[in-house]
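Each chain, written out:
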Amino acid sequence: MPLRHDASTWARLQTLYSRARALSASKRSAFLEEVSAGDPAMADELASLLEITAPSSRFFRRLERTLFHHSEEEDTGTVLARFDPLVGETLGDRYEIEGVRGRGGMGTVYRARDTVSGDAVALKVLSLPLRSDEQARARFIQESRAAAKVDHPNVCGILDVGEADERHPFLVMPFYEGMTLQKRLREGGLSLDEALDWFAQSCEGLQAVHEADIVHRDVSPGNLLRTTSGRVRVLDFGLARIADVTLETGNRKLGTLPYMSPEQLLSEKVDRRTDVWAIALVLYQMLAGRRPFGGKDPGEVRDAILGEEPEALPELNQEVSEDLALAISAGLRKPRRERAPDIPTLLRGVLAAAG
């Protein structure tokens, strides 16, 4: 979940920054891990600020003035982008970074221009905590190159993979015009037909990924996008992994918490059924108007995923039959051995039940 830049968050970030600056490098690393255990988004923002700022309160006075006295026509994300050290830089000798498109636990996605072709592209750079880890950097490059071999109309293409000065591993993707499912959900409820279309196209993309022996690991509404032509594409292979290889960083579990499977939360090895869980959860959310496992804080969400059963879908949406609810629940069984074994099995069951 992205960090909210409201007044209370700003005050906490400033306090944490001041405490971190006073620590030695070794103690600062432990401090960041402690913050991350309770608030990964805050830890990522703090790490980013520590990387790019000098130990001076002048920076915070300038940033605070900009954040809270900027023009109403500018959103906070646009203002924060001014402070990103990569905006205006060129990576890989050809990708000129124009602005920030989004931030997440794995890294930042930038809007960039390919100076060779002139095309707009999306460029993802690995986050500081991960690019500081040699193994994580190597794995990012390895898995991105593997994902680049997947050629399917429902999968986000990867145009290039590189590493600038050994400190900024990046991958380059087409810049798709369209709307993520996350944004679509904010606009209101989806009909059964619309939800099934999102689901079916996403499943086609995930199956292509699985056939390449890759597990996505971070299927969520923010990583599903419908282009202006109506094509749904699975985005963001930043968390993807080659089958049977686990990528973890310290105590941090990689993924989007509300969509994590029980095995992810328990730090077990993941497989295709991890993506089965996530896409079934996304379908439930589209039809119910809310996620099946909620909570007021990360701990409650984790406990719900591990120990609670979702409310019956037919009670939340009259369009959903008992048979369809049962087909969806096949993807949400907590023990993997009882879950639908793969994406095609889940998809066939859902479409047959939907009639």
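In the block above lies the structure referred to throughout.
Heads up: these notes are all about the structure in this document.

What counts, and where the lines are drawn
- Residues numbered from 1 in each chain as written.
- Predicted model: local features only at pLDDT ≥ 70, side-chain atom pairs only at ≥ 80, totals over all residues.
- Heavy atoms only, no water.
- Core = buried A, V, L, I, M, F, W, Y, C linked by side-chain atoms within 4.5 Å.
- Buried < 20%, exposed > 50% of the residue type's maximum accessible area, 1.4 Å probe, protein only.
- Helix = DSSP H or I, 4+ residues; strand = E, 2+ residues; numbered from the N terminus.
- Pairing = 2+ DSSP bridges.
- Axes fitted to C-alpha atoms, helices over the stretch in contact; angles between N-to-C directions.
- Parallel < 35°, antiparallel > 145°, perpendicular 65-115°, else oblique.
- Contact = heavy atoms within 4.5 Å.
- Nonpolar A, V, L, I, M, F, W, Y, C, P; charged D, E, K, R; others polar.
- Polar contact = N/O pair within 3.5 Å; in protein donor to acceptor, adjacent residues only side chain to side chain.

## Things to note about the nonpolar core
Nonpolar side chains in soluble globular proteins generally cluster together in the buried interior. In this structure, Phe199, Ile279, Met286, Leu287 and Val350 are the most contacted members of the largest nonpolar core, which totals 45 residues. Of all the secondary-structure elements, those providing two or more residues to this core are helix H9 (192-211), strand S10 (232-234), helix H11 (272-288), helix H12 (298-307), helix H13 (322-329) and helix H14 (343-354). For this core, the element with the highest residue contribution is H11, accounting for 12 residues. The next biggest cluster of nonpolar side chains, apart from the first, holds 20 residues, and it includes Ala122, Val155, Val161 and Leu171.

## Description of the pairing of strand S6 (residues 168-174)
With respect to burial, S6 is a largely interior element, six of its seven residues being buried. Of the strand pairs in this sheet, strand S5 (residues 160-164) and S6 are connected by five bridges, and their pairing is antiparallel. Within S6, the residue paired with Glu163 across the bridge is Pro169.

## A few points about the packing of H13 against H14
At a minimum axis distance of 8 Å, the contact between H13 and H14 shows a crossing angle of 175 degrees. Considering their axes alone, H13 and H14 lie roughly antiparallel with respect to each other. From H13, Asp323, Leu324, Ala327 and Ile328 reach across to H14, where they touch Leu346, Gly349, Val350, Ala353 and Ala354. Split by residue class, the contact of H13 with H14 holds seven nonpolar, one polar and one charged.

## Quick word on the side chain of His210
Take His210: it is sitting in helix H9. Overall, the relative accessible area of 0% leaves His210 in the buried class. Among the polar contacts made by the side chain of His210, one reaches the side chain of Asp275 at a distance of 2.7 Å. For His210, the contacting residues outside a window of four places in its chain are Val215, Arg272, Asp275 and Ile343.

## Side note on the environment of Asn154
Within the element layout of this structure, Asn154 appears in the loop between helix H7 (134-147) and S5. Separated by 51 residues in sequence, Asn154 and Gly205 have C-alpha atoms that sit 4.5 Å apart. Setting aside residues no more than four positions away along its own chain, Asn154 makes contact with Gln201, Glu204, Gly205, Arg231, Val232, Arg233 and Val234. Within polar-contact distance, the side chain of Asn154 engages the side chain of Gln201 at 3.1 Å.

## Details of the sheet that holds strand S9 (residues 224-227)
Here we have three strands laid out as an open sheet, ordered S7-S9-S10, and antiparallel in their pairing. Two strands bound the open sheet, and with one partner strand each, they are strand S7 (178-180) and S10. Along the sheet, successive strands turn relative to each other by an average axial angle of 30 degrees, direction set aside. Taken together, the three bridges between S7 and S9 define a ladder with antiparallel strand orientation. The residue bridging Thr180 from the neighbouring strand is Leu225, located in S9.

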